[in-house]
Amino acid sequence: MPLKDTSTLPIRRCNQNDFDQIWTIINDGAQAYRGIIPADRWTEPYMSREILEHEIREGVVFWGLEDDGALIGIMGIQPVQDVILIRHAYVRSESQKKGIGARLLSHLRGLTDTPVLIGTWADAIWAIRFYERHGFQLVGTEEKNRLLKKYWTVPERQIETSVVLADQQWRERNDAK
């Protein structure tokens, strides 16, 4: 079956009515991390409904790409202090590798002129490479630790096993300091 052209599918801001679809997409898409992230950081489901509700209460706004009225990919954006965080980027497993993540990332970056940071698992090489292809660069270990403590609320073990990528605007701002 040929890949469907996703370049014209609509992207929209998600709302409370999309909660179940968002939760399903996160847990389906997260299966790619099974066996990659440390076993002590994996839960089943990967993200509970309660944690997703908490993330939304903390300011994560989800955007989704829709196909025939159903979300097939989602990505969150969260303003924290003086940066924007890209959070919880997932695509349904059957829709991966069709440009959906790239379209969502481009859309979210277009919503802000604030520096953007992304955190992901250190062993998720494909995720790191994806963000690097879209202009993000890994920050050093010391800076990663500082950023994760400043902008995210994650346990120490997750800090140890994660990386942070920064966009050009963040790098320029911090090089000037």
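So, how was this worked out
- Residues numbered from 1 in each chain as written.
- Predicted model: local features only at pLDDT ≥ 70, side-chain atom pairs only at ≥ 80, totals over all residues.
- Heavy atoms only, no water.
- Helix = DSSP H or I, 4+ residues; strand = E, 2+ residues; numbered from the N terminus.
- Buried < 20%, exposed > 50% of the residue type's maximum accessible area, 1.4 Å probe, protein only.
- Arc of directions from axis to C-beta.
- Contact = heavy atoms within 4.5 Å.
- Pairing = 2+ DSSP bridges.

Caption draft 1: Unusual backbone geometry, seen in detail. In this model, Glu-44 is joined to Pro-45 through a cis peptide bond whose omega is 0°. In this fold, Pro-45 is placed in the loop between helix 1 (19-29) and helix 2 (49-57). Despite not being glycine, Asp-68 has its phi angle at roughly 50°, a positive value. Structurally, the position occupied by Asp-68 is in the loop between strand 2 (61-67) and strand 3 (70-80). Of note, the phi angle at His-88 is positive, near 50°, even though the residue is not glycine. Structurally, the position occupied by His-88 is in strand 4 (residues 83-91).

Caption draft 2: Region of interest: helix 7 (residues 168-175). Buried within helix 7 are the following residues: Trp-170, Arg-171 and Asn-174. Down the axis of helix 7, the buried set is contained in an arc of 100°. They therefore lie on one face. For helix 7, the elements touching its buried residues are strand 4, strand 5 (116-121), strand 6 (137-138), helix 5 (141-151) and strand 7 (162-166).

Caption draft 3: Representation of the sheet that holds strand 4 in the model. Spatial ordering of the open sheet is given by 1-2-3-4-5-7-6, a layout of seven strands whose pairing is mixed. Looking at which strands have only one partner, the edges of the open sheet turn out to be strand 1 (11-13) and strand 6. In this sheet, strand 2 lies alongside strand 1 in antiparallel orientation, the contact comprising three bridges. Residue pairing in the sheet places Ile-11 in a bridge with Leu-65 of strand 2.

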